[in-house]
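Survey of secondary and tertiary structure
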Amino acid sequence: MKVTLSVIKADIGGWVGHCSMHPDLMTEGESCMAKAKKSGLLIDYHVTRCGDDLQFIMTHKKGIDNSKIHEMAWNAFQSCTAVAKKLKLHGAGQDLLSDAFSGNVKGQGPGVAEMELNEREAEPVIIFMADKTASGAWNLPLYEMFCDPFNTIGLVISANMHAGFKFEVHDVKESRRIMFNCPEEIYDMLVFIGAPSRYTVKSVYSRETGEIASTSSTQKLSLIAGRYVGKDDPVCIVRAQGIFPAVGEVLEPFARPHIVEGWMRGSHNGPLTPVSVKGCNPTRFDGPPRVIAAGFQLAEGRLVGPVDMFDDVAFNNARQMAMDMADMLRRHGPFEPHRLPLDEMEYTTMPQVMKKLAKRFEKL
Ligand code: F6R
Ligand code: MG
Ligand code: MG
């Protein structure tokens, strides 16, 4: 059976500051999704949150980029924004960049990851959601899942993964894309995806069957808005088992935290910390960046789950490692490499300070 899995998310108000989500917003989101399911538009849904981001996980039969699905999600975010405004939550409605829906939420602020798939006999999917980071945060873990035998032993010893995977990489600044066949083109690909603020992995496909294995949100909020409004806080869908990496191979990259951009004012590097959904309240220095993982089995489009995949003792060391990395980075205060390079900072006083001091610079 063909089914579409859509994850659409937005920060429409934080509680308290930018660290968590008020339960009333989730209740309102639930009630909007329940109506859409009752009307027949959705097969199923799950409403969750990652830090201050509201996440709508939805299944339906309408394909990707469907204006009815996007409009319903947009209207749901609007209803939740009304609740956020009443509670005077922080940044109420901040990711909804325009007043009216214009056919597709992609260019309007919310983050979107969608795939249409032929549901297999058993269809395990993992949905990763991050807070306090940017859309390139998945580059390193996706590389490890689908290209690195030290992470994914299936690439070596499973006959149906041995052919490798194809990567679709987006240049988010020039709005163009390129495909790479892995493993033979990994050195070329790493030249690009090793620079995640510019090049992001959009989707991955099995070379055995051509089927989609993963897709993520690549919208860059600051480029859409032309100014700093908040972080991208991206999402990523990964299919598991069979011709795809096993669930444990999909989760394994997060057992060794890596450093991503987006901490404090979108202008600092920090460790991407794997946490449970209820443990996802980025408080210290507005962070550090977080990732949660919701696992489902699909059953005729029904979302059987979630299992809170990082709510496990096996990720305790990763959390401790991430806190040690956070201490190491915080020790640098306003210095790089904790602070981002000048041209990548979201929040900066540089133009004003430079203007004020321009006359005091002397030629050497
Ligand atoms: C939000 C974030 C926070 C804010 C900071 C300032 O995703 O990363 O660190 O940038 O709390 O927020 P405002 O400008 O809303 O006062
Ligand atoms: Mg926020
Ligand atoms: Mg957020």
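Every value quoted in this text rests on a predicted model; they were computed, and no experiment measured them.

Conventions used here
Residues numbered from 1 in each chain as written. Chains lettered and ligands numbered in written order. Predicted model: local features only at pLDDT ≥ 70, side-chain atom pairs only at ≥ 80, totals over all residues. Heavy atoms only, no water. Salt bridge = Lys/Arg side-chain N within 4 Å of Asp/Glu carboxyl O. Buried < 20%, exposed > 50% of the residue type's maximum accessible area, 1.4 Å probe, protein only. Helix = DSSP H or I, 4+ residues; strand = E, 2+ residues; numbered from the N terminus. Domains from an automatic or database assignment. Contact = heavy atoms within 4.5 Å. Buried area = accessible area lost by both parts, 1.4 Å probe. Polar contact = N/O pair within 3.5 Å; in protein donor to acceptor, adjacent residues only side chain to side chain. Nonpolar A, V, L, I, M, F, W, Y, C, P; charged D, E, K, R; others polar. Near = heavy atom within 4 Å. Areas by Shrake-Rupley, 256 points an atom, 1.4 Å probe, with all protein chains shown as cover.

Oppositely charged side chains are able to pair whenever their charged atoms sit close together. Enumeration according to the criterion identifies 16 salt bridges in this entry. Salt-bridge contacts for R120 lead to E123; the nearest nitrogen and oxygen are separated by 2.8 Å. Residue class for E123 comes out buried when judged on its relative accessible area of 0%. Across the pair E184 and R207 runs a salt bridge, and its minimum N-O distance is 2.8 Å. Of this pair, E184 sits in the loop between β7 (176-182) and α5 (186-193) while R207 sits in the loop between β8 (199-206) and β9 (212-216), placing them 23 residues apart in sequence. Residue class for E184 comes out exposed when judged on its relative accessible area of 54%.

A few words now on the domain arrangement of the chain. What the domain assignment lists for the chain is domain 1 (1-117) and domain 2 (119-352). Summarising the inter-unit geometry, the C-alpha centres of domain 1 and domain 2 are found 21 Å apart. Contact with domain 1, which involves 35 residues of that partner, is made by 40 residues of domain 2. In total, domain 1 and domain 2 occlude about 3000 Å² of area from one another, counting both sides; carbon and sulfur atoms represent 66% of this. The largest contributions to the domain 1 side of the interface with domain 2 come from M1, C50 and M115, which together make up 18% of the buried area. Linking domain 1 with domain 2 are one salt bridge, by the criterion used here. Residues D52 and K132 are paired through a salt bridge, measuring 3.4 Å at the closest nitrogen-oxygen approach. Connecting domain 1 to domain 2 are 14 residue pairs in polar contact (both at pLDDT 80 or more). For the side of domain 1 that touches domain 2, the elements supplying multiple residues, two or more each, are β1 (2-10), β2 (44-50), β3 (53-60) and β4 (111-118). Take the side of domain 1 that touches domain 2: its biggest share by element is seven residues, from β4. Residues belonging to the side of domain 1 that touches domain 2 are distributed by class as follows: 15 nonpolar, eleven polar and nine charged.

Moving on, we come to the site of ligand 1. Taken together, H18, H90, K132, Y228, M264, R265, G266, D286 and Y347 are the residues near ligand 1. For ligand 1, an oxygen atom lies 2.9 Å from a polar atom in the side chain of H18. Interatomic distance of 2.6 Å between a side-chain N/O atom of D286 and an oxygen atom of ligand 1. For ligand 1, whose unbound accessible area comes to 410 Å², protein coverage reaches 79%. Residue composition of the shell around ligand 1, grouped by class: three nonpolar, three polar and three charged.

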